Amino acid sequence: MTGSASIERRLTVLLAGVAALLSILSWGMVTGLARQAAERTQDNVLAASATAIAETLRSEQGEVRLELPYSAFSMLGAISEDRVFYRVATGEALLTGYADLPVPAISPPAQGRVVFDTGDYRGAQVRMASVMRQVLAGGAPVSVTVTVAQTRNGIRAIAGELSQLAAMLSVAFFVVAVTLSAVAARTSLRPLNEIAQAVSRRGPNDLRPLRRAAPAELAPLMTALNRLMERLGQSLRRSEDFIVEAAHRVRTPLATVRAQAEIALRSVEDETEKQRLRRMIRAVDESSRSAGQLLDHATVAYRAEDLARDLIDLADLAAQTADALAPTAAMKDIEIRLETVPATVRGDAVLLENALRNVLDNAIKYSAEDTTVTLRVRRPTDTEARIEVIDQGPGLGTGPVEQLTERFRRGQNTQGIVGSGLGLTIAEDVIRAHGGRLELGQGPDGRGACVTLVFLLA
Amino acid sequence: MRHTGFSFGLNAVVIWLCGLCLWATAAVALEIEDHRHYPGTGDRVLRIVSTADLEVFEPYLLYFHAAHPALSIDYTVVSSAELHRAIRDGRAFDLALSSAMDLQFQLANDGFAQSYRSSATEALPDWARWRDLIFAFTTEPAVVVISTERFEGLPLPATRQELITVLRDNPDWFQGAVGTYDVRNSGLGYLFATQEARSTDAYWRLSEVMGRLDPQLYCCSRQMIDDVAEGRLALAYNVLGSYAAERLAQDSGGRMRILRMQDFTNVMLRTAIIPAGAVEVEAAGQMIDALLLVGLRQEPDIWPLPPLRATAEGESAGFGPIRMGPALMVYLDPLNRRAFLEEWENALEQR
Ligand SMILES: Nc1ncnc2c1ncn2[C@@H]1O[C@H](COP(=O)(O)OP(=O)(O)OP(=O)(O)O)[C@@H](O)[C@H]1O
Ligand SMILES: [Mg+2]
C-alpha cells in the first residue's frame, strides 16, 4: 500500500508525545514542590529555633541575659546533618555566637517577626532565620536580634531524592501511557480494519451492501462504499442486460441467415460455391454458438448475485443432463455411461445444469466416434461431492490447463470443432458461486480428459 | 592541677565577642602532656594529636605502624581543650583524636575538619558518624569507681538515688574522700556533667551532697583512679570506664571496684577528625580506617579501649551514646557555659 504513515503509528506517537510532555511536566512540578517543601520545613525549624532562643532573653541587673535552650539546636540536628551557626546581638554588639555571621536585615523592625535570608558563610550556602525582640535592660528597651543559620545540604539531599523518585515514577507513567496509547490506537482503528477485511473477504461478484455496526465516524465511509457498490452492481447488470439483449438480437437473424444458406447450398451445383456456402454456415454456427454461450454466461453472472439454495440431487442432475445430450452423443455413436450415488447439495438447478451440460458437451465434442463418456457422481468424504466427466478423447493438451477456464480461451485441438471458449468459464463460475471448485485433469489410464465439479458440503 | 585556659570569666566572653578569628592570632604555646615519635623507614610523618594517654593508646599506634612501617608517627597527648585550641589555631596536625565529642563536633561544624570517605566509614552506624567529618571509634561509659577498703560494710549503690543516700548517711566516711572532675578545666568532665544535668534531675542533688563533703576536683580520670586505687579516695564519680577497666586489669589486688549507675549512664564517643590543614591526609585516612576496623571488631578484647556498640555491655536499660549533632554546641556557648559553671560552683564549692 502506498501513502502517508499509518494512522495507528501516528496516533500512538502523538499520544506518546503528550504522555512524555505530561511526564516531564509532572516531574518538574514534583521536583519544584519537593524543594519548596524541604525549604519550608527547614525555614520552619530555623524559625522555631530562633524563636526558642529569643524566648530565653531576659534582663538581669541591667544586663541582657539568655540561655541557649538545648531543644533549639537538637531540633536542627533532627532534620538533617547540617552545620549550624548562630548569633545573638544587640545592635552591633555581639552577645554570643559567631560574630561574622551575616544577618538578614529586619525592616521594618517588628517584634517577634521571623525574617529569612540565604547567604554564604564559611564556604557553604546557609539559610538564616532572624527574629528581633526587645528587652528592658537598665530601664531602656534594647532590641536583641537572634539569628540561627543552617547549611542546606540536607534539604538538597531530600529534594534530590524526591526528584529522583519523581523521575522514576514519570518514566513508569510514560511507559504505561505509551503501551495504553498503542492499545487505544489499535482499538479505535479496529472497526476500520474489520470493514476492510469484510470487503476483501467478499467474492469477486458479491456487491451486496455492507451491513454492520460501525462507529459514527465511519458511517460516511460505509455509505459511500455501499453507494459505490450499488452503482457498480447497476452498471454490471446493465452491461449484462445489454449482452443478453445483443445475443438475442444476433441469434434470430443468424438463424435466418443459416436457413437461407442451407437452402442455397442445396440448390448450388458449383463445388467452389458449395465450399463457400459451407464456410459461411460454419461461421454462422460459430457466431450463434458464441451468442448462446454469452447469453448463458450473462445468466450465470446474473443468477449468482442472488443464488438460489434449492436441494438438488447430483445423481438426478447427471441423469437429466445426460438425457439432454443423448441425441448429440448418438450422432457420434458415443455411449454416455452413468455411475451415480445420491448426493444432495444446495444450489441453483438452472446454473448447475448449465455447467454440467458444458462439461459433458466438451467431452462429447472433443472425443472420437464410437467411444464412451463416463458421468460419475461420488462422495469420497463427508464434506465433498464430485461429478466427474471422463472421456476417451485427446485430453486437455500439454499447455497449462488453468488457462482453459479463461474467457474465450480455446485449446489447440479445436480444428473444425465449433466453440466459443466460454464453456469451461461458465462451468467454473457456476461451481465457484456454489463454493466449490473445478478440477481439470487426465482420464484414469492417462488417456482422455477428466473434468470434475467439486462441491464442498457444509 | 593544670589550668587549660578555659577560664570563663567575663574576660573570656569579651574575647569571644571580639570574634572567632582571634583564636588564630592568640596562639599560645601548646601544653603537651606526653609525646612519642615512632620513626619509620620513609620520610612521611603522620602527626597525631590526641587526648588518649599512651598507656592505653600505644597498642593502636604499634598496630598501625606495623601495617605501615614506612610511615613515621608523631603522637602528641594534650587535654581536650588544648586539642580544640590547637586545631582552631591551625597547628600542623594530620589527625585529631579526642574524647570531648562536643569540642570535636564544634570543630567539624565550624569548618576546621575535612571530609573523608572510605568503605570503613560507610560501614559505621549513623550515630557514630556525622557528615563524613567526624568518626567515632569507641563507645566509653562514665562510671563510678570505689575503693573496696573504704566502702567496707556499706551497701553498694546502683543508682544515683542510692549513691546520694549512702553519701548523706555517712558524711564522716566520705569527708574529703569523694573525687570528681573539675568541669572548669576538663572538657570531658564538662561534657559528662552537662549531659547528665540534662538527662537526670538527680545530678544536681548529687552535686550538692558531694559539695557538702569537700570534694576533690581533678583534671583527668587517671589521677582520680590512682587515688582510689591507693585509698586516698573512697569514691570517684564520673570516671572514664575504659581507663578504670584498664587499671583494674593491670593491678587489681581487689582494692578497687567499678560501679555502673543503673538509672542513667553517659556513654561518650571517642572521635577522630582530619583537620582542615592536614598534610598527610591519606595516611590519616588509613589510620581512621584502622581505628574503625578495631572499633567495629567482633573478636574478644585484646584492645584497651572498648569497641563501638550502640548499647554498652552488661547494660540493662540500654542507654545510647551521646547524640552527635548541633545540640552538643549548646553547652559550649560561653553564656550557657558561664551559667552552668556558676550553678556547678554553687553546688560543689560550699565552703
Ligand atoms: N473433454 C475435452 N477434451 C479435450 N479438450 C477439451 C475438453 N474440454 C475442453 N477442452 C479444451 O478446452 C478448451 C476450452 O473449452 P471450452 O468448453 O471453454 O471452449 P470450447 O469448447 O472451445 O467452446 P464452447 O464455448 O463452445 O464450449 C477447448 O477449446 C478444448 O481445447
Ligand atoms: Mg465447450
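1. Here's the deal with the overall build of chain A
- What chain A contains, in helices and strands, is eight helices and 14 strands.
- Residue burial in chain A is summarised as follows: out of 458 residues, 40% are buried.
- In the structure as shown, chain A presents an accessible area of about 25200 Å², 56% of it carried by carbon and sulfur atoms.

2. Observations regarding the site of ligand 1
Residue and element names in this part refer to chain A.
- Inspection of the region around ligand 1 gives 22 residues, with Arg289, Tyr366, Arg410, Asn413 and Ser420 positioned closest.
- Between ligand 1 and the protein, one listed contact pairs an oxygen atom with a backbone N or O atom of leucine 422 at 3.0 Å.
- Surface burial for ligand 1 is 99%, taken as the share of its 590 Å² of free accessible area covered by protein chains.
- Those elements that place two or more of their residues in the shell around ligand 1 are α5 (271-305), α7 (349-366) and α8 (423-433).
- The element best represented in the shell around ligand 1 is α7, accounting for four residues.

3. Focus on helix α5 (residues 101-109) of chain B
Residue and element names in this part refer to chain B.
- For α5, the buried fraction is high: nine of the nine residues fall into the buried class.
- Among the residues of α5, Met101, Asp102, Leu103, Gln104, Phe105, Gln106, Leu107, Ala108 and Asn109 are the ones counted as buried.
- Glycine 111 lies just past α5 and shows a positive phi near 90°.

4. Let's talk about the interface of chain B and chain A
- Contact with chain B, which involves 28 residues of that partner, is made by 27 residues of chain A.
- On the surface where chain B and chain A come into contact, there are zero salt bridges.
- At the level of elements, α1 (10-17), α5, β6 (129-130), α9 (187-199) and α14 (334-348) of chain B are the ones that each hand at least two residues to the side of chain B that touches chain A.
- Among the elements that make up the side of chain B that touches chain A, the one with the highest residue count is α14 of chain B (five residues).
- Taken together, the residues of the side of chain B that touches chain A sort by class into 13 nonpolar, six polar and nine charged.

5. As for the sheet that holds strand β13 (residues 437-442) of chain A
All names here are of chain A.
- Read across the open sheet, the five strands follow the order β9-β11-β12-β14-β13; overall the sheet is mixed. Strand pairing shows two members of the sheet lacking a second neighbour, β9 (335-339) and β13, which therefore form its edges. Each strand axis lies, on average, 20° off the axis of its neighbour in the sheet, ignoring direction.
- Here β9 pairs with strand β11 (residues 372-381) via five bridges, running parallel. Across the sheet, residue isoleucine 336 finds its bridge partner in β11, namely valine 373.
- Each of β9, β11, β12 (384-390) and β14 (449-456) is contacted by helix α6 (residues 314-331), which is oriented at about 175° to β9, the strand it contacts most.

6. Considerations on the state of the cysteines
Residues and elements named next belong to chain B.
- The final tally for this structure, using the stated rule, is one disulfide over all chains.
- A sulfur-sulfur distance of 2.2 Å marks the disulfide that ties cysteine 219 to cysteine 220. One quick way to see it: the torsion about the S-S bond of cysteine 219 and cysteine 220 is about -90°, and its sign makes the bridge left-handed.
- Using a relative accessible area of 16% as the deciding quantity, one classes cysteine 219 as buried.

7. So, the sheet that holds strand β6 (residues 124-137) of chain A
Residue and element names in this part refer to chain A.
- In spatial order, the strands read β4-β3-β7-β6-β5; together these five strands make up an open sheet with antiparallel pairing. The sheet is open, and its two borders are formed by β4 (93-97) and β5 (114-121), each paired with just one other strand. Ignoring strand direction, the axes of neighbouring strands in this sheet form an average angle of 25°.
- Taken together, the eight bridges between β5 and β6 define a ladder with antiparallel strand orientation. By the bridge assignment for β6, aspartate 120 is matched with glutamine 125.
- Contacts from helix α1 (residues 7-55) reach β3 (84-90), β5, β6 and β7 (140-151), with the element oriented near 30° to β6.

8. A short note on the packing of aromatic side chains
- Enumeration over the complete set of coordinates arrives at 17 aromatic pairs over all chains.
- Taking 5.3 Å as the distance between ring centres and 50° as the angle between the ring planes, the aromatic pair formed by tryptophan 204 of chain B and phenylalanine 340 of chain B counts as tilted. A residue pair is termed long-range when its members are at least 10 positions apart, and tryptophan 204 of chain B in helix α10 (residues 202-211) and phenylalanine 340 of chain B in helix α14 qualify at 136 residues.
- Owing to a relative accessible area of 19%, tryptophan 204 of chain B belongs among the buried residues under this scheme.
- By relative accessible area, which is 6% here, phenylalanine 340 of chain B ends up buried.
- Put simply, the rings of Tyr70 of chain A together with Tyr190, Tyr203, Trp204, Tyr331 and Phe340 of chain B touch in pairs and so form one group of aromatic residues.

Analysis parameters
Residues numbered from 1 in each chain as written. Chains lettered and ligands numbered in written order. Predicted model: local features only at pLDDT ≥ 70, side-chain atom pairs only at ≥ 80, totals over all residues. Heavy atoms only, no water. Helix = DSSP H or I, 4+ residues; strand = E, 2+ residues; numbered from the N terminus. Buried < 20%, exposed > 50% of the residue type's maximum accessible area, 1.4 Å probe, protein only. Areas by Shrake-Rupley, 256 points an atom, 1.4 Å probe, with all protein chains shown as cover. Near = heavy atom within 4 Å. Polar contact = N/O pair within 3.5 Å; in protein donor to acceptor, adjacent residues only side chain to side chain. Contact = heavy atoms within 4.5 Å. Salt bridge = Lys/Arg side-chain N within 4 Å of Asp/Glu carboxyl O. Nonpolar A, V, L, I, M, F, W, Y, C, P; charged D, E, K, R; others polar. Pairing = 2+ DSSP bridges. Axes fitted to C-alpha atoms, helices over the stretch in contact; angles between N-to-C directions. Disulfide = S-S within 2.5 Å. Phe/Tyr/Trp six-rings, centres within 6.5 Å; stacked < 30°, edge-to-face > 60°.

So, to be careful, I would describe these as geometric facts and stop short of saying anything about function.
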